[in-house]
Amino acid sequence: MTSISSRRLAKELMEIKNDGCPVGINLVQADDFSIWLFTIEVMGESLYQNEQFTLQFRFDQQYPISSPAVQFVVTEGRQAPVHPHVYSNGHICASILGNEWSPVLSVIAVCVTLQSMLASCKEKQRPVDNDRYVKHAPENPKKTRFHYDGEV
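In the nomenclature of an unreviewed UniProt entry, the protein chain is known as Ubiquitin-conjugating enzyme/RWD-like protein of Lentinula aciculospora.

Below, the structure is given as structure tokens:
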């Protein structure tokens, strides 16, 4: 029997393939229902104009009841955006990935929210605790209990 997670991800993937992604968001990889990759680019004038970032979504069997683990990919040639809610290891401090997650949210809704977060940024800077956090951060960002001060 197919799990709720697999059925939901199959539905989301079919919608992406049939309807496409919003402008500035592209599906790069979705070979299975465990890891998906998207590129994200802020359209129009912003601090991130002409910059493209890669987002990784990791799904567990509890999706969509539990949020996916979402982070910017940081490897050779790829970096996380310099943003007050994005750590240099790619982890994202955004309430919709934590305590404000809702099963009605989709992968595309998360991408659009993060695209909007980047578009509204007023100053490129890392979180104040970046170095300490990155030094002790778990591999999976869902294992971090972020304190949400700002909007996102």
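Text resumes after the structure shown.
Caption draft 1: Inspection of the sheet that holds strand β4 (residues 69–72) at higher detail. Read across the open sheet, the four strands follow the order β1-β2-β3-β4; overall the sheet is antiparallel. If you trace the sheet from one side to the other, it starts and ends with β1 (25–29) and β4, each paired once. Within the sheet, the average angular offset between the axes of one strand and its neighbour, ignoring direction, is 25°. Strand direction decides the pairing type here: strand β2 (residues 35–41) and strand β3 (residues 52–58), joined by seven bridges, are antiparallel. Its bridge partner being in β3, T39 is matched across the sheet by T54. This element, helix α2 (residues 107–119), spans β1, β2, β3 and β4 of the sheet and lies at about 35° to β2.

Parameters and conventions
Residues numbered from 1 in each chain as written. Predicted model: local features only at pLDDT ≥ 70, side-chain atom pairs only at ≥ 80, totals over all residues. Heavy atoms only, no water. Pairing = 2+ DSSP bridges. Helix = DSSP H or I, 4+ residues; strand = E, 2+ residues; numbered from the N terminus. Axes fitted to C-alpha atoms, helices over the stretch in contact; angles between N-to-C directions. Contact = heavy atoms within 4.5 Å.

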